[in-house]
Structure formats: C-alpha cells, structure tokens
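Coordinates in review
Okay, here's what each chain looks like letter by letter:
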Amino acid sequence: MVTASDRSVYVRALASFGELTRSDVEEGLAIVQPLSYAPRTWLLRAGERATRASIVVHGLVRELFVLSDGTERTKAFVHEGGITGSLADLLSGGPSRGCIVAEEPTRVLSFEYGDFLALASRRPRWEAIRVAVLERLLAAKAEREHELLGLDAAARYARFGERYPGLEARIAGRHLASYLGITPEHLSRLRRRRTLATR
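Here the structure is a predicted model, which means the values were calculated and not measured. (Residues numbered from 1 in each chain as written. Predicted model: local features only at pLDDT ≥ 70, side-chain atom pairs only at ≥ 80, totals over all residues. Heavy atoms only, no water.)

1. Digging into the pairing of strand β5 (residues 72-79)
On a regular strand, one side chain projects to one face of the sheet and the next to the other, so that they alternate. In terms of strand pairing, strand β4 (residues 60-66) meets β5 through seven bridges, oriented antiparallel. In the strand pairing of β5, R62 is matched with F77. Once β4 ends, the chain turns through five residues before running back antiparallel as β5, passing G70 with a positive phi of about 90 degrees. (Pairing = 2+ DSSP bridges. Helix = DSSP H or I, 4+ residues; strand = E, 2+ residues; numbered from the N terminus.)

Next comes the structure, spelled out in structure tokens:
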C-alpha cells in the first residue's frame, strides 16, 4: 500500500521535472508498486530483461556494471527522491547490461516502464515529465563522461562530494573508489590529503 510518506516523496521527486495536477498524481500513483529490499538485494541483474523503474522513498541503491571476472564498476548512487532504472536497457528491450543493487534497507515505488509510457501518451503533463526525465538523464550522462575523461582523480572526488553531499559515510570505500575509477589505496591517499588540507 502506498503510504502518506511514499506519496510525499513521490510528489517532491516529480516536482523537479514539471507540474502535475492532483488527478495526474493519482493516475501516476495507480501504476506504482511499493517494494522493499534488504541490503545486497538485486533490483536488476545483468542478463535479465529490464522492465521497471523506481523512485527511491528511503535507502540507497547502486547502479553498476559487473565485468566477466566479477569486478564491479559503479555507475551511480541513487538515494531518497531519486529515480533508478537502467534506461538504455529499458529502451533496448534486450538482456540488461546494467545492474542495480540495494546498499541499505531500501523502499521504492516501482512501476513498469510500459505503463509509464502509456500514461505519458494520454496525459500531456506526464509526457512533459517523461521528456524532462530523459533530458536530465542525458545531461547527467554527459557530466559523468566529462568527469571520467576530463578530470583527474582529485577533481572527481571533489565533484562526488558536491553531487552527493553526506553520502560518503553511507557507502563502502571500495564502491566509492569504483565510482571514481581509482583503487581503494588511491582513495585512501585522497582522503588523507583532504584531511590535511582541512586542518
């Protein structure tokens, strides 16, 4: 059942993409399913068909790729109010290349992507939300590419702190290092350097 807290997070999350009427919100809530995940539970594994996206009500999920040797490459972290779902895999309809895993006890409002497209096709405000979400995701992808290809490790670490304030304490160092594209040892050096700089 969708709770008052779920509804509040849902409305706030969507408000950053555009304006919805009360009836729009009710139609949107009609297609969501509240789901809860324990830490280290997979929302999506590589090879599965991606069909769902979710708004995180509370908790934290990590989006990643798993290499053939089991090495993980972290793509993004999604916390309260954020939207998670492997868009490229949703669009392709083929086996998923990406993975999503809960890093904390996590509650989401999940929905079938096909239901969302159907909603957008009949409600103009939802269509505007759909376009705004896509634009935001494309901008985030371009920014992430710039960080990985155009910034050094120290600058990427600083940018992480700006993008995810307060999140570092909630995630394992190895996952942060993977996100930054560095080794855990290099991350330790960056942390020591930051500590010395703030003394």
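2. Here we look at the nonpolar core
By size, the foremost hydrophobic cluster in this structure holds 33 residues, and its most contacted members are Y10, L14, V32, W126 and I129. Only α1 (4-15), α2 (22-29), β3 (52-58), β7 (99-102), β8 (106-112), α4 (113-122) and α5 (124-150) provide two or more residues apiece to this core. When residues no more than four places from it in sequence are discounted, the contact partners of Y10 are V25, G28, L29, V32, I55, L109 and W126. Core analysis: the second largest hydrophobic core is formed by 16 residues, A76, F160, A177 and I182 among them. (Core = buried A, V, L, I, M, F, W, Y, C linked by side-chain atoms within 4.5 Å. Buried < 20%, exposed > 50% of the residue type's maximum accessible area, 1.4 Å probe, protein only. Contact = heavy atoms within 4.5 Å.)

3. Quick word on unusual backbone geometry
With a phi angle near 70 degrees, R40 is a residue other than glycine that sits in the positive phi range. Among the secondary structure elements, R40 is positioned in the loop between β1 (33-37) and β2 (42-44).

4. What about the packing of aromatic side chains?
How two aromatic rings sit relative to each other is set out by the distance from centre to centre and by the angle between their planes. Evaluation of the coordinates by the stated rule reveals nine aromatic pairs. Between Y113 and F116, the ring centres sit 6.2 Å apart and the planes meet at 35 degrees, which makes this aromatic pair tilted. Highlighted residues: Y113 and F116, both in helix α4, separated by three residues, approximately one helical turn. For Y113, a relative accessible area of 11% gives the class buried. On the accessibility criterion, F116 (10% relative accessible area) is buried. Taking the centre distance of 6.0 Å and the plane angle of 75 degrees together, the rings of Y164 and Y179 count as edge-to-face. Within this pair, whereas Y164 is found in the loop between α6 (153-163) and α7 (173-180), its partner Y179 is found in helix α7, the two being separated by 15 residues in sequence. Three or more aromatic residues joined by ring pairs make a cluster, and in this case those are F77, F160, Y164 and Y179. (Phe/Tyr/Trp six-rings, centres within 6.5 Å; stacked < 30°, edge-to-face > 60°.)

5. A closer look at the packing of α6 against α7
The interhelical angle for the contact between α6 and α7, taken along N-to-C directions, is 115 degrees, at an axis separation of 10 Å. Looking at the two axes, α6 sits roughly perpendicular to α7. α6 and α7 meet at a crossing whose hand is right-handed. Contact residues: R156, Y157, F160 and R163 in α6; L176, Y179 and L180 in α7. Split into classes, the residues belonging to the contact of α6 with α7 amount to five nonpolar, no polar and two charged. (Axes fitted to C-alpha atoms, helices over the stretch in contact; angles between N-to-C directions. Parallel < 35°, antiparallel > 145°, perpendicular 65-115°, else oblique. Left-handed = near helix turned anticlockwise from the far one by under 90°. Nonpolar A, V, L, I, M, F, W, Y, C, P; charged D, E, K, R; others polar.)

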